[in-house]
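Below are the chains, spelled out letter by letter.
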Amino acid sequence: MKKILLILLLFFTFFSNTFAYNPTSNELNLISNFKDKVNNLSKVKWELWLKRNIISIENFLKVNKNERTNFLLWEILTDMNEVLSDLKIKNEEQLQKQLQELENQKQEQLKQSKDYNEKAEWFFEIYWKDITTSLEINDKCTKYFDFVDEIAKKNDFPTELIIATWSKESNCNLSNPANWWWPFQITSKYYTPWDITLEEFWEYVQTYIDFTKWKWNYFNNNTYHNYKSRFWSENIAITYDNYTLRDLKLSAILYNWVSKDTTLDWNTFANSNLNNNVTTNSDWLVTRFLKILNWRTKNK
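To keep things clear, this report deals only with the structure shown in the data block.

Thresholds applied
Residues numbered from 1 in each chain as written. Predicted model: local features only at pLDDT ≥ 70, side-chain atom pairs only at ≥ 80, totals over all residues. Heavy atoms only, no water. Axes fitted to C-alpha atoms, helices over the stretch in contact; angles between N-to-C directions. Helix = DSSP H or I, 4+ residues; strand = E, 2+ residues; numbered from the N terminus. Parallel < 35°, antiparallel > 145°, perpendicular 65-115°, else oblique. Left-handed = near helix turned anticlockwise from the far one by under 90°. Contact = heavy atoms within 4.5 Å. Nonpolar A, V, L, I, M, F, W, Y, C, P; charged D, E, K, R; others polar. Buried < 20%, exposed > 50% of the residue type's maximum accessible area, 1.4 Å probe, protein only. Salt bridge = Lys/Arg side-chain N within 4 Å of Asp/Glu carboxyl O. Patch = residues over 30% accessible without salt bridge, like charges linked within 9 Å, V, L, I, M, F, W, Y side chains within 5 Å. Areas by Shrake-Rupley, 256 points an atom, 1.4 Å probe, with all protein chains shown as cover. Core = buried A, V, L, I, M, F, W, Y, C linked by side-chain atoms within 4.5 Å.

Let's shift gears to the packing of helix α6 (residues 159-170) against helix α10 (residues 285-299). Following both chains from N to C, one finds α6 and α10 inclined at 125°, their axes separated by 8 Å at the closest point. Here α6 is positioned oblique relative to α10, judged by the angle of their axes. Crossing hand, α6 versus α10: right-handed. Between α6 and α10, the contacting residues are Thr159, Glu160, Leu161, Ile163, Ala164, Thr165, Ser167 and Lys168 on the first element and Leu285, Arg288, Phe289, Ile292, Leu293 and Arg296 on the second. Residues belonging to the contact of α6 with α10 are distributed by class as follows: seven nonpolar, three polar and four charged.

A separate point is the environment of Thr24. Relative to the helices and strands, Thr24 is located in the loop between α1 (2-14) and α2 (25-63). Given a relative accessible area of 39%, Thr24 falls into the partly exposed group. Residues Thr24 and Phe34 lie 10 residues apart in sequence; the distance between their C-alpha atoms is 15 Å.

This part covers the pattern of salt bridges. Under the defined criterion, the tally for this structure stands at seven salt bridges. Among the salt bridges present, the one from Asp265 reaches Lys249, with a minimum N-O distance of 2.9 Å. Of the two residues, Asp265 sits in the loop between α8 (245-256) and α9 (268-271) while Lys249 sits in helix α8, which places them 16 residues apart along the sequence. The salt bridge involving Lys291 is made with Asp283; its shortest N-O contact spans 2.5 Å. Overall, Asp283 belongs to the buried group, its relative accessible area being 11%.

Right, let's get into a nonpolar patch on the surface. Judged by side-chain polarity, Leu95, Leu99 and Leu102 come together as a nonpolar surface patch covering roughly 270 Å² of accessible area. Turning to its location among the elements, Leu102 is positioned in helix α3 (residues 67-127). Since its relative accessible area comes to 52%, Leu102 is described here as exposed.

Ile162, Phe184, Phe201, Tyr208, Tyr243 and Leu293 are the most contacted members of the largest nonpolar core, which totals 55 residues. At the level of secondary structure, the elements contributing two or more residues to this core comprise α3, α5 (145-155), α6, α7 (198-221), α8, α9 and α10. Not counting chain neighbours up to four residues away, the residues in contact with Leu293 comprise Tyr116, Ala120, Phe123, Phe124, Glu160 and Tyr243. The next biggest cluster of nonpolar side chains, apart from the first, holds 16 residues, and it includes Ile54, Leu72, Ile76 and Leu77.

Now the structure itself:
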């Protein structure tokens, strides 16, 4: 601002005189050009820059006695105040627009969350009644629910399936188990037994998702082992918030292996403690999935 004020003062001093002043056309053009410069600078430097310059000019006008200089400075000051007023309006409009966009995003997220919770409640109500064990789940498995949920959304993959597998394979511990087969017990992966960080766990979850999706793709497209002919001839079509009981059972089966006598309803990996026909001392994936789904509807 000091530089701008200096230019102004030099300009006005050069043309100064002491009698009542009527600006020439040349001076009005110069003032107009200066106003344009202020307008352009205000778009880059915004409100604070304008306020500082306005205060500087106002302070100078309080002590300056030259009528001509004061007249010309007042022209500039008036324009700067108008620019500042317009800028405030634009800033306020932009802020309101941004706030409205954020509110719209929040409402959409709430709507999606509500829609999924309603769907989740409906799904749970249909299939939970024959579960033979308590609906409680280990607090360790929900401690990082939001963390896992973020990864799941990015991959369009059910959060509950990730946690159910983690729960079954390593009791939701944030560590590599002693058998070197890491938290998801995929035997083609080897990791030194030890505690892991959340950053490492993120990578592990991503690897698990990629592995599971590869299994789904193999089921859907492999013609050498045409598993679809044995399991209702439909593709697995699981997404973050859309799945069927049949698809969840198939995913559990494929995660381990498919033998010649594997069936959807009697396979232990899929059905353990889901009903009285298949009971063991430990829940398997679909049962755990339903319990975590129930926890989500009550807590999220």
